[in-house]
Amino acid sequence: MNARKFLFYVVPLLFGGCVPLLSLCPLYTKEDVILNDKLLGVWVDDANKPETTWEFTRVSGSEKAYSLVFTDEEGKKGSFVAHLLKLQNKLYLDICPTELPCKPDDPNRMDWPYNCFFLIPAHGFMAIGSIEPQLKLRLAMESNLEDLLKKDPKAVKYVKVDDRLVLTATTKELQAFVLEHADDKTLFTDEVTLVRKDARTGKP
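Below or above, wherever it landed, is the structure these notes cover. Nothing here was measured: the structure is a model prediction, and the numbers come from that model. Per chain, residues are indexed from 1 in the order of the written sequence. In view of the model being predicted, local features appear only for residues whose pLDDT reaches at least 70, and side-chain atom pairs are presented and counted only at 80 or more, with totals across whole chains, interfaces and linings using the full set of residues. With hydrogens and water stripped out, all remaining heavy atoms of the structure feed into the side-chain values.

### As for the overall build of the chain
Here comes step 1: In this text, helices come from DSSP runs of H or I with a minimum length of four residues, and strands from runs of E with a minimum of two, each type numbered from the N-terminal end. Within the chain, the regular secondary structure consists of 5 helices and 12 strands.
Here comes step 2: Exposure categories follow from relative accessible area, calculated using a 1.4 Å probe and restricted to protein chains: below 20% of the type maximum is buried, above 50% is exposed, and the middle band is partly exposed. Buried residues in the chain amount to 42% of all 204 residues.
Here comes step 3: Looking at the chain alone, contacts between residues at least 24 apart form 60% of all its contacts between residues at least 6 apart.
Here comes step 4: Areas reported as accessible are Shrake-Rupley estimates using a 1.4 Å probe. Residue values count occlusion only from the protein chains shown. For the chain, the computed accessible surface area is about 11300 Å², with 52% contributed by carbon and sulfur atoms. Note on definitions: a residue-residue contact is assigned when non-hydrogen atoms from the two residues lie within 4.5 Å.

Given below as structure tokens:
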């Protein structure tokens, strides 16, 4: 497994091959994080990929966080910590991988486990249009940032790693950048609409 794959191992899994925008810093502070039990449960993409699921459960303890387990149509999984946050009455979701792929009992583990010490889990984020009756998510994609940087190269702090753009802005700088583009649909595109699994199947 090469260095580039190490750094961005979570990228294709959750977003079906698309490339989400990654950040070294989270989008939230402790003051921004909220809880909403309406997010809990198993959600499916009923229209496009009915076999994929997004399962949200509460993280045990006092932390205001969710566990997100994403399963694609082939049964491959991704495990993330998700934080729901509110910025100026707008909802966002920040996700970060919970584990690095180097557990000794992992059948797909790499050959050099000490390389894991050099991996830095990155944050991805998305805007939430609604939670009920449908969970509508708009993803922040790397291609969107590329378009923005062509117009304004100093729009936000970033570095280029290989051919990937990675945000290096602080959390406060990220929040200002996100809010600046919250309504113009230049940063958050590619909406995913999910429905509860029990609503799709008719089962309680």
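More follows now that the structure is in view.
### A word on the pairing of strand β5 (residues 66–71)
Here comes step 1: Note on pairing: two strands pair once DSSP finds at least 2 bridges between them. Summarising the sheet, β5 and strand β6 (residues 77–87) pair through 6 bridges and their orientation is antiparallel. What sits directly across from F70, in β6, is G78.
Here comes step 2: Hairpin connection of β5 to β6: 5 residues between the antiparallel strands, including G75 at a positive phi of 90 degrees.

### Some details on helix α4 (residues 171–180)
Here comes step 1: Along α4, the residues that are buried comprise T171, L174, Q175, F177 and V178. Summarising the axial view, the buried residues of α4 lie within an arc of 165 degrees, below the 170-degree limit, and thus occupy one face. The outward face of α4, more than 90 degrees from its buried face, is lined by the exposed residues K172 and E180. Think of the arc as the fan of directions from the helix axis to the C-beta atoms.

### Digging into the nonpolar core
Here comes step 1: What we call a nonpolar core is a set of buried Ala, Val, Leu, Ile, Met, Phe, Trp, Tyr and Cys residues that are connected through their side-chain atoms within 4.5 Å. Counting 23 residues, the largest nonpolar core has Y92, F125, L145, L187 and F188 as its most contacted members.
Here comes step 2: At the level of secondary structure, the elements contributing two or more residues to this core comprise β6, β8 (124–130), α3 (142–151), β11 (164–167) and α4.
Here comes step 3: Aside from chain neighbours lying at most four places away, what touches F125 is S23, L27, L93, D94, L139, A140, L167, L174, V178 and F188.
Here comes step 4: In terms of nonpolar packing, the next biggest core, distinct from the first, is built from 21 residues, L39, W54, M126 and I128 among them.

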